[in-house]
Amino acid sequence: MLFAISPIFIMTKIIFITGATAGFGMAIARKFAENGHNLIITGRRKILLEELAKELVINFNVEVLPLCFDVRKSAEAESAIANLPEKWKNIDVLVNNAGLAVGLNPIHEAVVDDWERMIDTNVKGLLYMTRFISPLMVARQQGHIINIGSVAGEEVYPMGSVYCGSKFAVDAITKGTRIDLVSHNIKVTQIAPGAANTEFSLVRFKGDKTRADNVYNGFQPLAAADVADAVFYVTTLPPHVNINDMVLMPTAQASAINIHKK
Ligand code: NDP
Ligand code: 8X3
């Protein structure tokens, strides 16, 4: 009897991840690199981007293109995409991950600049990236856009009106994008996580580490790698199958504000 080792063909994809300098984005980059895919990674902190790119190239022998820009600046985003080297334009997966919460205040006491940062990043930044990358997918009649929403886009919680509003917008934009791109064979997915221990709360509480750590005390939150696994999973399904929406929670979290702490 003749045994032949059948070669495993892994189709190498180009994955574009916004906000890869920390948290989910960094874990998503590692997950795809580990699985042999080439990456375009973005964020504002150049040194962190370059360190990550180096790590992934060395550890996984993949190609990585770091692009340092602010997703809130449409001209910077547009020029980053327009100037992509030709071979990097065949983007298979766009992960719209860059985002943040700033502040946790009742509406009548909130800081207006916090609102601007959240809406400009979470809503307009995601829109800019989608607007500049989706035509490349339409031209190839293939692609997958994955938007990182949140449990905050499913339920509103006290003092989170604007962050929640921005994530409800992500939910609506995800649905609208899917409708507009369905005839172009482009998958559109929202992944909506619950509480996850990243730099998220440190950013929300403007560097107050004690307050940030307190969010995750007494229960096991999601790790960034859990979210990365979910993002990777939705890209592994057959061409005719799409996950529209995935809400991913820590087992100890039943709703946006209901967390069982010991
Ligand atoms: P982190 O703070 O750990 O990471 C956020 C990333 O977004 C960083 O890489 C940051 O990079 C990038 N980013 C922020 N603002 C900009 C900007 N203006 N331009 C470019 N990049 C930017 O947070 P998470 O990983 O937790 O958050 C990732 C996404 O997940 C966000 O959309 C968040 O709303 C969402 N989310 C988070 C949850 C959580 O509990 N952690 C739960 C549900 C959803 P840099 O600073 O270098 O620009
Ligand atoms: C982040 C999760 O519950 O802090 O989107 O808003 S939450």
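Please read all numbers here as calculations on a predicted model, not as lab measurements.

(A) The overall build of the protein chain, seen in detail. For the protein chain, the helix and strand inventory stands at eight helices and seven strands. The C-alpha radius of gyration computed for the protein chain amounts to 19 Å, which stays within 12% of the reference 18 Å derived for 262 residues, consistent with globular compactness. Summarising its shape, the C-alpha atoms of the protein chain cover approximately 70 × 50 × 40 Å along the three principal directions. In the protein chain, which comprises 262 residues, the proportion classed as buried is 48%. If you take every contact in the protein chain between residues at least 6 apart in sequence, the share linking residues at least 24 apart comes to 71%. As displayed, the protein chain offers around 13,100 Å² of accessible surface, 57% of which is attributable to carbon and sulfur atoms. The centroid of the 25 positive side-chain charges in the protein chain is displaced by 1 Å from the centroid of its 25 negative side-chain charges.

(B) Focus on the confidence of the model for the protein chain. In the predicted model, the protein chain carries a mean pLDDT of 96, and the fraction of residues at 70 or more is 96%. Taken together, the stretch residues 1-7 has pLDDT below 50 and engages in zero contacts with residues farther than four places along the chain or on a different chain.

(C) Fine view of the site of ligand 2. In the neighbourhood of ligand 2, the contacting residues comprise Ser 150, Val 151, Ala 152, Tyr 157, Tyr 163, Phe 200 and Arg 204. Between Tyr 157 and ligand 2, the recorded distance is 2.5 Å, taken from a side-chain N or O atom to an oxygen atom. A distance of 2.6 Å separates an oxygen atom of ligand 2 from a polar side-chain atom of Tyr 163. Its free accessible area being 240 Å², ligand 2 has 82% of it covered by the protein chains. Here the shell around ligand 2 is built from residues that sort into five nonpolar, one polar and one charged.

(D) Representation of the pairing of strand β7 (residues 245-248) within the structure. Residue alternation in β7 divides its side chains into a buried set, Met 246 and Leu 248, and an unburied set, Asp 245 and Val 247. Of the pairings in the sheet, the one linking strand β6 (residues 186-193) to β7 comprises four bridges and is parallel in character. Residue pairing across strands places Ala 192 opposite Val 247, the latter belonging to β7.

(E) Fine view of the packing of helix α3 (residues 74-82) against helix α4 (residues 112-140). Contact geometry of α3 with α4 gives a least axis separation of 9 Å together with a crossing angle of 20°. Regarding the angle of α3 to α4, the classification is roughly parallel. The two elements α3 and α4 meet at a crossing, and its hand is right-handed. From α3, Ser 74, Ala 77, Glu 78 and Ile 81 reach across to α4, where they touch Tyr 128, Met 129, Phe 132, Ile 133 and Leu 136. Class assignment of the residues belonging to the contact of α3 with α4 gives a composition of seven nonpolar, one polar and one charged.

(F) The arrangement of the site of ligand 1 in detail. Inspection of the region around ligand 1 gives 29 residues, with Thr 21, Phe 24, Arg 44, Tyr 163 and Thr 198 positioned closest. Compared with its free state, where it exposes 880 Å², ligand 1 has 96% of that area covered by protein. Elements with a contribution of two residues or more to the shell around ligand 1: α1 (23-34) and α5 (161-181). Classifying every residue of the shell around ligand 1 by side-chain character gives 12 nonpolar, 11 polar and six charged.

So, how was this worked out
Residues numbered from 1 in each chain as written. Chains lettered and ligands numbered in written order. Predicted model: local features only at pLDDT ≥ 70, side-chain atom pairs only at ≥ 80, totals over all residues. Heavy atoms only, no water. Helix = DSSP H or I, 4+ residues; strand = E, 2+ residues; numbered from the N terminus. Rg over C-alpha atoms; globule rule 2.2 N^0.38 Å. Buried < 20%, exposed > 50% of the residue type's maximum accessible area, 1.4 Å probe, protein only. Contact = heavy atoms within 4.5 Å. Areas by Shrake-Rupley, 256 points an atom, 1.4 Å probe, with all protein chains shown as cover. Lys, Arg positive; Asp, Glu negative; His and termini not counted. Charge placed at Lys NZ, Arg CZ, Asp CG, Glu CD. pLDDT = per-residue confidence, 0-100. Near = heavy atom within 4 Å. Polar contact = N/O pair within 3.5 Å; in protein donor to acceptor, adjacent residues only side chain to side chain. Nonpolar A, V, L, I, M, F, W, Y, C, P; charged D, E, K, R; others polar. Pairing = 2+ DSSP bridges. Axes fitted to C-alpha atoms, helices over the stretch in contact; angles between N-to-C directions. Parallel < 35°, antiparallel > 145°, perpendicular 65-115°, else oblique. Left-handed = near helix turned anticlockwise from the far one by under 90°.

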